[in-house]
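A closer look at the structure
Read off the chains here:
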Amino acid sequence: MTSNPVTVTVAYHVVPGHESDFHSWGWAMLAASARQPGFLGGGVLVDGEAEWHVVYRFASERDVAAWEESSARRQWDVEAVGFSRQAGRKSVRGGKAWFDSQAPQPAPPAPPSKWKLWFVNMSAVFPPVLIFNVTVLPYLGALNPLIRTLLLCLCVTGLVTWILMPRLQRFFKKWLYPPLQALRGRHKRTA
């Protein structure tokens with residue numbers, strides 16, 4: 001057993017038309033649990049139309065176990081049978097877990113195949129290298145080959161990095177990442 005505070009969330013499916021009964025029952029049950037040692041607070045929450053949650057917090061696991069195993073708690077569960085059905089229970093120690101993401105994160109899209117990346121890179125690099133070789137290099141013939149190559153690399157890398165690649169990536173996005181685009185397309189159709 002731990003001395004960290006424990007928060008328990010119990011999910012219920014409420015019979016349609018009995019929402020007010022469940023709401024009254026949940027708050028009355030929490031009032032009864034407030035008389036137990038170690039009770040720190042609680043509430044009744046609605047999530048959607050049919051699923052409700054009763055949340056309560058105790059100072060330790062021992063206090064939660066004492067409340068949940070008590071005859072008073074069993075009587076409250078019997079009272080709720082006519083208008084609700086327990087759908088699940090979750091218990092969390094401490095407070096940090098409530099702020100961590102509970103939903104599974106979607107997997108990142110798979111990277112494009114190598115040949116597609118090669119094609120986009122060649123589409124970005126070949127035109128500036130060709131233009132630089134045809135228009136600028138003839139005027140730099142007297143320069144040291146090292147400096148000439150450095151100027152070529154600096155100009156082409158700058159053009160590719162800041163001008164050509166961002167535009168080509170946007171242009172080829174549907175071709176490079178088709179599963180992501182298909183998923184977005186389905187989302188737009190159903191919305």
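Quantities reported herein were computed from a predicted structural model and do not represent experimental measurements.

1. Points about helix 6 (residues 145-171)
Considering bend angle alone, the principal kink of helix 6 is centred on L164 and spans about 45°; proline P166 follows within four residues of it. Among all positions of helix 6, only L152, V156, G158, V160, M165 and L168 are buried. Buried residues along helix 6 sit against helix 5 (114-135).

2. Let's talk about the state of the cysteines
What is meant by a disulfide is a covalent connection between two cysteines, made through their sulfur atoms. Inspection of every chain in the model, using the stated rule, returns 0 disulfides. Cysteine C153 shares no disulfide, and the gap to the nearest cysteine sulfur, in C155, comes to 9.6 Å. Owing to a relative accessible area of 37%, C155 belongs among the partly exposed residues under this scheme.

3. Topic: the packing of aromatic side chains
Working definition: an aromatic ring pair is given by the centre-to-centre distance plus the angle between the planes. Here the structure, examined in full by the defined rule, presents 13 aromatic pairs. Look at F119 and W175: their rings are 5.7 Å apart centre to centre, the planes differ by 80°, and that puts the pair in the edge-to-face class. You can see F119 sitting in helix 5 and its partner W175 sitting in helix 7 (residues 173-176), a full 56 residues away along the chain. One aromatic cluster in this structure is built from Y12, F22, W25, W52 and F83.

4. Here we look at the side chain of S33
Mapped onto the fold, S33 is located in helix 1 (residues 19-33). Taking relative accessible area as the criterion, S33 reaches 0% and is therefore assigned buried. Those residues in contact with S33 that sit more than four places away from it in its chain are F39, F58 and W67.

5. What about the environment of H18?
Note on placement: H18 falls in the loop between strand 1 (6-14) and helix 1. The exposure class assigned to H18 is partly exposed, which follows from its relative accessible area of 29%. Spatially, the C-alpha atoms of H18 and F83 are 5.9 Å apart, while their sequence positions differ by 65 residues. A polar contact is formed between the side chain of H18 and the side chain of D21, at a distance of 2.9 Å.

6. A closer look at the nonpolar core
Counting residues in hydrophobic clusters, the biggest one holds 20 residues, and the most contacted among them are F22, W25, V54, Y56 and W67. If we skip the residues at most four places from it in the chain, F22 touches Y12, V14, V44, W52, V54, F83 and S84. Counting 12 residues, the second largest nonpolar core, distinct from the first, contains A124, L137, M165 and L168.

7. So, the confidence of the model for the protein chain
Residues of the protein chain with pLDDT of at least 70 account for 83%, and the chain-wide mean is 83. For the protein chain, per-element mean pLDDT is lowest for helix 8 (residues 178-190), which scores 53, and highest for helix 5, which scores 94. Segment residues 186-191: pLDDT under 50, and 0 contacts once partners within four positions in sequence are set aside and those in other chains are kept.

8. Things to note about the packing of helix 1 against helix 3 (residues 71-80)
At their nearest, the axes of helix 1 and helix 3 sit 11 Å apart, and the two run at 175° to each other. One way to sum up the angle between helix 1 and helix 3 is to call them roughly antiparallel. Counted together, W25, A28, M29 and A32 of helix 1 and R73, W76, D77, E79 and A80 of helix 3 form the full contact between these two elements. For the contact of helix 1 with helix 3, a count of residues per class yields 6 nonpolar, no polar and 3 charged.

Conventions used here
- Every chain's residues receive numbers from 1 upward, in the order its sequence appears when written.
- Given that the model is predicted, a residue must reach a pLDDT of at least 70 before its local features are reported, and side-chain atom pairs must reach 80 or more before they are shown or counted; all residues, however, enter totals for whole chains, interfaces and linings.
- To obtain the side-chain values, all non-hydrogen atoms of the structure were used and water was disregarded.
- One axis fitted to the seven residues ending at a residue, another fitted to the seven starting there: the angle between these axes is the bend at that residue.
- Numbering of helices and strands runs from the N terminus, with a helix taken as a DSSP run of H or I at least four residues long and a strand as a DSSP run of E at least two residues long.
- To sort residues, take the accessible area from a 1.4 Å probe on protein chains only and compare it with the maximum for the residue type: under 20% means buried, over 50% means exposed, and anything in between is partly exposed.
- The contact rule is simple, with two residues in contact once any of their heavy atoms fall within 4.5 Å.
- Two cysteine sulfur atoms form a disulfide, by the criterion used here, when they sit within 2.5 Å.
- Classification of ring pairs uses Phe, Tyr and Trp, with its six-membered ring standing for Trp, and accepts pairs whose centres are within 6.5 Å; under 30 degrees between planes counts as stacked, over 60 as edge-to-face, and the remaining range as tilted.
- Polar contacts, as counted here, are pairs of nitrogen or oxygen atoms within 3.5 Å of one another; within protein the pair requires one atom able to donate a hydrogen and one able to accept it, and residues that are adjacent in sequence qualify only if both atoms are side-chain atoms.
- By convention a nonpolar core is built from buried Ala, Val, Leu, Ile, Met, Phe, Trp, Tyr and Cys residues, the set being connected through side-chain atoms within 4.5 Å.
- Looking at any residue, its pLDDT shows the predictor's confidence there, from 0 to 100.
- To obtain each axis, a line is fitted to C-alpha atoms, and for helices this fit is confined to the stretch in contact; angles are then taken between N-to-C directions over 0 to 180 degrees.
- These descriptions rest on fixed angle ranges, namely under 35 degrees for roughly parallel, over 145 for roughly antiparallel, 65 to 115 for roughly perpendicular, and the rest for oblique.
- Throughout this entry, Asp, Glu, Lys and Arg are counted as charged residues, while Ala, Val, Leu, Ile, Met, Phe, Trp, Tyr, Cys and Pro are counted as nonpolar. The remaining residues, Gly among them, count as polar.

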